[in-house]
Protein chains: 2
Amino acid sequence: MEPGDAARLGLGRAARALPPRLLLLPLLLGRGLRTAAAASSSGAAAEDSSAMEELATEKEAEESHRQDSVSLLTFILLLTLTILTIWLFKHRRVRFLHETGLAMIYGLIVGVILRYGTPATSGHDKSLSCTQEDRAFSTLLVNVSGKFFEYTLKGEISPGKINSVEQNDMLRKVTFDPEVFFNILLPPIIFHAGYSLKKRHFFRNLGSILAYAFLGTAVSCFIIGNLMYGVVKLMKIVGQLSDKFYYTDCLFFGAIISATDPVTVLAIFNELHADVDLYALLFGESVLNDAVAIVLSSSIVAYQPAGLNTHAFDAAAFFKSVGIFLGIFSGSFTMGAVTGVVTALVTKFTKLHCFPLLETALFFLMSWSTFLLAEACGFTGVVAVLFCGITQAHYTYNNLSVESRSRTKQLFEVLHFLAENFIFSYMGLALFTFQKHVFSPVFIIGAFVAIFLGRAAHIYPLSFFLNLGRRHKIGWNFQHMMMFSGLRGAMAFALAIRDTASYARQMMFTTTLLIVFFTVWIIGGGTTPMLSWLNIRVGVDPDQDPPPNNDSFQVLQGDGPDSATGNRTKQESAWLFRLWYSFDHNYLKPILTHSGPPLTTTLPAWCGLLARCLTSPQVYDNQEPLREEDSDFILTEGDLTLTYGDSTVTANGSSGSHTASTSLEGGRRTKSSSEEVLERDLGMGDQKVSSRGTRLVFPLDDNA
Amino acid sequence: MEPGDAARLGLGRAARALPPRLLLLPLLLGRGLRTAAAASSSGAAAEDSSAMEELATEKEAEESHRQDSVSLLTFILLLTLTILTIWLFKHRRVRFLHETGLAMIYGLIVGVILRYGTPATSGHDKSLSCTQEDRAFSTLLVNVSGKFFEYTLKGEISPGKINSVEQNDMLRKVTFDPEVFFNILLPPIIFHAGYSLKKRHFFRNLGSILAYAFLGTAVSCFIIGNLMYGVVKLMKIVGQLSDKFYYTDCLFFGAIISATDPVTVLAIFNELHADVDLYALLFGESVLNDAVAIVLSSSIVAYQPAGLNTHAFDAAAFFKSVGIFLGIFSGSFTMGAVTGVVTALVTKFTKLHCFPLLETALFFLMSWSTFLLAEACGFTGVVAVLFCGITQAHYTYNNLSVESRSRTKQLFEVLHFLAENFIFSYMGLALFTFQKHVFSPVFIIGAFVAIFLGRAAHIYPLSFFLNLGRRHKIGWNFQHMMMFSGLRGAMAFALAIRDTASYARQMMFTTTLLIVFFTVWIIGGGTTPMLSWLNIRVGVDPDQDPPPNNDSFQVLQGDGPDSATGNRTKQESAWLFRLWYSFDHNYLKPILTHSGPPLTTTLPAWCGLLARCLTSPQVYDNQEPLREEDSDFILTEGDLTLTYGDSTVTANGSSGSHTASTSLEGGRRTKSSSEEVLERDLGMGDQKVSSRGTRLVFPLDDNA
C-alpha cells in the first residue's frame, strides 16, 4: 500500500476509527462518504480506473445523501402542511376530522405520489457466494482484490426474495426502521401522557381505570384472539390462507389491537370541556392499556411451549409467560417510579430552581434516562417512561420553579405533538409505500367484528362489576361512549410494524393499518354527534371545577339492593387507597416535595434528626394554600367530597415536638377515623367535609 | 425452505421489508434482533444446532442492546453530574471554571475509567476472503450454507489494522459517528446563536464583525497554515514525522482551528453584563467565523490541482476553491434566508398565533427544513441554519404570539445547552477513548504559537483599519480582550473529528483537542481578572440600556488627522447599510411582519392593490410604539445616536396617497438628508437626534 493511499482510503479508516455505533444516520454516512471521497480525491494521483470507481462511489454517496435529505424533507413538508390545515380547521371550527385523521390523509396522498409517481431505480446489490462458512457473523471483512472492506450484518433474506427486493430508492428512503417508532417516537408521546395526566380525576377513578386497563385489556385480547382464530380456521377451510397462522399469532393480534388510543375523542372532549370523569376514565384507560398491551404482546411472544408440537397449550410455558408479564410490568413500573423519585429529591434538595434552564435540562435528561435504564435492565422503556411521567407530575413538578413548570410542559407538548403527527402521517404513507401488504378481506372483516365484540365484552361487564363498588355509577351513556371511543392508534401501529417478517404478521399489519384508518376517521368524526346523542354534558372546565355534586351525573342511582353491597365493596376496596394516600401524604410528599406536613410531625420522635434534615424549611414557612393541582388528592374512588388540602396542617405543624406526638397518635387511628368520616359523610348527605386539612390533624373531636 | 422457517428468519425479512435507512440506532437494531429472535424461537422446532446458534445470536444482540443503553446512560449521567455541579458553581459564584470546562473534566474522568477500568472483550469479526470481485459494493448478499444474509458496507480498513481493531466493546460503544456532531449537535447550537443574536448591537457593529469574520478568519487560516508548514518541515528535519503531511493539510488545520468559540468568555460577559459592544463584536465574530471556517475547510479539501504533483500550487484549482467557497457560502446563506422569509410570511398571513403549540411546531419544522434543504442542494446545512436563525429572529419573531416567542426561545435554549455540554463532555471522553491519537510535542507547541500569532495578526491590524472607519474606535483594551478571547471550542472539534483517516488528520485532531482543553480552562478561568485588568466596564444591561454615550467608551478618540478621513470612510461604507436599512424598513419589514410603515405608503401608487393585500391591518391600528427589540435598528456602524423607530411613521402613514408621495419624495433624498443629520449630530456634540421616527418622515424642516 502506497503512502498516497492513506488519504484516498478516506472514510474507510475514519469510519473504522470511530465506528458509527450509536446513531447511524445514513444521512450522515452519505455525507461522510462524500467528504471522505472529496478528501480522498486530493490524494488521487495515478490508478485511473480506481479513481473512476472512487468517483462513482462518491457520486453514489452524494446521491444517496441527497435522497435522504429529500425524504426527510418530504416528512417535514407533510407535517408543515398538516399543521397549516389543522390551523385552518381550528380556525373554522371544523370538527368532523381530527388532526391525526388529516395527517393520515396527507400521508396517503404523498404515498400514492411516491408509489406511482417516482421512477423505479435499480439497486446496487451484489451477490457473493462465500459458502465456506456455516454461520453468519455480525461483522464481515471482505478482501476485494487486496483491499479489505468491512460489512455489517443487516439481516437474513429468503432466497426467493433476493430478486424481488425493492427497486425504488425513494420508497426505500421513506421507510423507517420499525424500532424508530418504539425508541424515538413513542417515548415522548407516552411520557407526555403521564406528565399531563389530570391527577385529581385520575386518582378519583383509579380503581375503575386499573380494572379497565388490566382486566379489560386481557379480556379483550383473549376474546379477539379466539375470534380471530375462528376466522383463521374459516379462512383455511375456504382456502383463503396461503401460509401458517398459529393460535399464538391470533393472541398476539389480540394484544396489539387491544391498545386503544382515543386521541381524537379526547381532543374533542378537551375542546368541548366534556365530562371530566368520563375523560379521566377514557384517558387513564388508554394510557395504561398501552403499557399493558406492550407487555402482553411480549409475553405472548415469549410463550414457547417445550416439545415438538410448539403451538399446543403448555401450562409451564403459560405460567412462564404470566411471570414474564408480571416481571416486566413491575420492573418497568419500579424503574419509572425510582427515576421520578430521584429527580424529585434532586430538585428538592438543590436550589436548582433558581436556574430554570438547568432545571429543565436535568428534568429532560432524567426522564430520558428512565427509558435507557429500563432498556439496559431488560425491561420495557416505554412503560417505564409512562410511570416516570406520572411520578414526575406528582412529585417533581411541585419542586420546579414556575418557569420550569411551563418549560417542561411545553417541551414535552411540542415533542408529543410532532411525534404523534409524524406517526399518523407515516401510517398514511405506509399504506402505499409498504411493499408487503397482505390484504385478506375475510380477515379484515373478521377483525372489525372481533374488536367490536372484544370492546363490548370488556366495557359492559366490567362496568357492571365496577358499578357495584362505585358510589358514583358509570352510567349507560358513559359506557356507550367508552364503547364508541375504542379507537386504535399509534401504539397498535407501532406494535404491528415491529415485526412484519412472517405472512401472518404482514396480514396483521395490513389489518391494523386499516382498523386505525377506519376508527380514526369514522369514530373520530362521530364523536361530537355521539356526545350530544348520549346527553353527555359539555362545558366543564377540567382544571377549575369543584368536585361535581351528585346531580351532575346523569345516570347515577344504583338501584336498591345493590347499594348496600356497593358500600361494603367500596369500603373494602378503598382501604388500600386510604393506606396509600396517608403514606403518600405523610411521608412521600414531605420527603420528595416542599409540600405536605413537616416530617417532624409525621415521623416517630426517634427519627427527629432525619426528619429535620428531610423536611424543607418552606414547609414551615409556607402558610398560603398550595395550588389546587398539587394539593387536591381524593382519598377513595367515588368519594368526591373528601378533598384534602396539604397546607392547612402546617399551621399546627410548626410547633415542634408537641405536634409530632399528636400526629403519632393520629397516625394510629387513621383507618378508623377516615371511615368514620366516610360514614358520617354518607349519612349527612349534603353536609360536605371539605375543610382543607390533612386526615391526621382533622379536628374530629372539636366537631363532635 | 420449509414454511416454519418463515418465522425463524425473523428480522431478516422484517429488516428487508423495512430497511433501516433513515435512522439506524443499533440500540434499535439490537432490540429488533432480540424481538425477532424471540419471535422466531416460537417457530423453531427441530434443528437443534441452528436453534443454539439462534440463541447465541439472540444473546449477543441482547448484550449489544444493553451496552448501547448503558453507554447512552453514561453520557446522560455525565450531563446530569455536570448540570448539578454547574448549579453548585453558580450558587457559590465560582467563576474560575466554566460549565464547558467542567463538562470536559467529567468527560476526562469517565474516559479514564472506561479506558482502564473496563475489561477488554474480543470482537466478533470474521474475515472472509472473497477475492473474485474487483470492487466493493455497498450491499453484499452472502450465501452462508444455503441461507442468504445481507451486509452493508461500513468502510475500508487498511490490512495492517485488521488485527488491531478496537477490542474493547465499551470503548467502541461510547464512540460516536463524527457526522453526528455535524448533523445533530451543531445545528441547534448554531441556530440558537443566530436566533438569540442581540440584533441591535450586532447590526451596529456589522461592518467590523464581517471584517473580523471573513478577512480575519482567512488571514488567521493562512498564517496558521504557513507557520504549521514550517513546523512540519522542521519536524521532518528532526525526524519527528513518520508519515506524509502536505501543505494543504496545514492549511486545513489553519481553517479548522480558526473557528473561535468564546462561549466561556461570553457566558462570563453575560453574567457580569460587560460592555455590550465588545460582546457584540466577539459574539458576532465567533458566530460568523464558524460558518466561514466550515466553508473554508471544505473549499481547501476541494482544492485538487491537476497533474501528478498534487500538492503544488495550481492557479486553476485555487480559483476553483475560491469559487466553491463563494458558491457554498452564498448558497447556504440564500437557503437560510429564504426559509426564514417563508416562515415569516406563513406566520404573518395565517392566524396561527392563536395556537402557540402549532406555531412553535411549525417554527421548529421550518428551521429544521432549512438544514435538510441546504444539504439536499449540496450546500452546508449548518451555515444555512445560522442565517435562518438570524432571519427568523429579525422577521418571524415579530409575528409570533407572546407565548410562542418564549416557547421557541426556550426550546432552542435547552437544545443548545444539552448539545453544547454533550460536545464538551465528549471531548473530555475522547482524549482517553479515542484510540488513534498522535501526540507530537513539536506540532502541539508549534500550533499554540501559531494560533497566538494568527490571532494577533488578525485582531490588531484589522482593528487598526476598522478604526479608520469607525467613529467609535475599538479601543486597545477591547483589542486585547478580543485577542485574549480566541478560544477554540465545539466547531473546531467537530471539524477535526470529521475525518481522522490519515496520520496528518489524527495529529491535527489530537492537537485540536489539546488546544480546546487549554484555551477553555486557562483562558476561560482568566476572563474575570482580565476584564478588570483591562478596565472594561461591567454592569451594563445588554437588553435595556440606551445607546451608550461617547463617554462610556474608555478609549475613544481617533487622533486628529484620522477623524476627517474617518468620517469620509464611514459615510462611504455606511451607504450600503443605509440602502439596506431603508429597503428592509420600507419593504421587507412591512411585507414580512406586522410592523413598519404600511406598504401603501412606501410602494409606488400603481402597486396599490398589492400593497393593500400585503399590509397587515395591524399596521394601521398599531399606534403604540413597538418593542424596542424590533424597532431599533442602527443605521450605520458606529453611528450610535440615530435610533430609528418603526412606529411613528404610521401616524402619518394612515392618510393614504398623500403620504405615499411624501415618502417617495423623501426616498429620493434619503442619503443626503441622513448625512445632514450625521453632520449636524457631529457638530452639535451632545444634542442627540434620538426622536423615534423613520428616516423618511423625519421632520427636518420643522427643526430647521
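Worth saying up front: this structure is predicted, and the values here are computed from it rather than measured.

The rules behind the values
Residues numbered from 1 in each chain as written. Chains lettered and ligands numbered in written order. Predicted model: local features only at pLDDT ≥ 70, side-chain atom pairs only at ≥ 80, totals over all residues. Heavy atoms only, no water. Axes fitted to C-alpha atoms, helices over the stretch in contact; angles between N-to-C directions. Helix = DSSP H or I, 4+ residues; strand = E, 2+ residues; numbered from the N terminus. Parallel < 35°, antiparallel > 145°, perpendicular 65-115°, else oblique. Left-handed = near helix turned anticlockwise from the far one by under 90°. Contact = heavy atoms within 4.5 Å. Nonpolar A, V, L, I, M, F, W, Y, C, P; charged D, E, K, R; others polar. Patch = residues over 30% accessible without salt bridge, like charges linked within 9 Å, V, L, I, M, F, W, Y side chains within 5 Å. Areas by Shrake-Rupley, 256 points an atom, 1.4 Å probe, with all protein chains shown as cover. Salt bridge = Lys/Arg side-chain N within 4 Å of Asp/Glu carboxyl O. Buried < 20%, exposed > 50% of the residue type's maximum accessible area, 1.4 Å probe, protein only. Polar contact = N/O pair within 3.5 Å; in protein donor to acceptor, adjacent residues only side chain to side chain. Expected span 1.5 Å × (residues − 1).

Colleague: Explain the packing of helix α9 (residues 206–238) of chain A against helix α10 (residues 247–257) of chain A to me, and be specific about the residues and the numbers.
Modeller: Residues and elements named next belong to chain A. Their axes nearest at 7 Å, the elements α9 and α10 cross at an angle of 135°. Judged by the inter-axis angle, α9 sits oblique to α10. Where α9 crosses over α10, the two elements pack in a sense that is right-handed. On the side of α9, the interface is formed by Cys221, Phe222, Ile224, Gly225, Asn226, Met228, Tyr229 and Val232, while α10 contributes Tyr247, Cys250, Leu251, Phe253, Gly254, Ala255 and Ile257. Of the residues in the contact of α9 with α10, the class split is twelve nonpolar, three polar and no charged.

Colleague: Describe the environment of Lys90 of chain B, and please don't skip the residues or the numbers.
Modeller: Positionally, Lys90 of chain B belongs in helix α4 (residues 48–91). Taking the C-alpha atoms as reference, Lys90 of chain B lies 17 Å from Leu418 of chain B; in sequence the two are 328 residues apart. The residues touching Lys90 of chain B, leaving out its near neighbours within four places in the chain, are Phe355 of chain A together with Glu99 of chain B.

Colleague: Break down a nonpolar patch on the surface for me, with residues and values.
Modeller: Residue and element names in this part refer to chain A. Where nonpolar side chains cluster on the molecular surface, the patch consists of Leu227, Ile445, Val449, Phe452 and Leu453 and spans about 460 Å² of accessible area. Among the elements that take part in the nonpolar patch, helix α17 (residues 441–469) stands out by supplying four residues, more than any other. Structurally, Phe452 is set in helix α17. Given a relative accessible area of 54%, Phe452 falls into the exposed group.

Colleague: Just give me the short version of the side chain of His585 of chain B, but keep the residues and values in it.
Modeller: All names here are of chain B. Examined against the element boundaries, His585 turns out to sit in helix α22 (residues 560–592). Relative accessible area serves as the criterion here: at 2%, His585 is assigned to the buried category. In terms of polar contacts, His585 uses its side chain to reach the side chain of Asn586, at 3.3 Å.

Colleague: Could you give an account of helix α5 (residues 99–117) of chain A, naming the residues involved and the relevant values?
Modeller: In an α-helix, one full turn covers 3.6 residues, which means residues spaced three or four apart are oriented alike. Here α5 of chain A is 19 residues long and its end C-alpha atoms lie 26 Å apart, about the 27 Å a rise of 1.5 Å per residue gives. Inspection of α5 of chain A places Glu99, Thr100, Gly101, Leu102, Ala103, Met104, Tyr106, Gly107, Leu108, Val110, Gly111 and Leu114 of chain A among the buried residues, and these make up the whole buried set.

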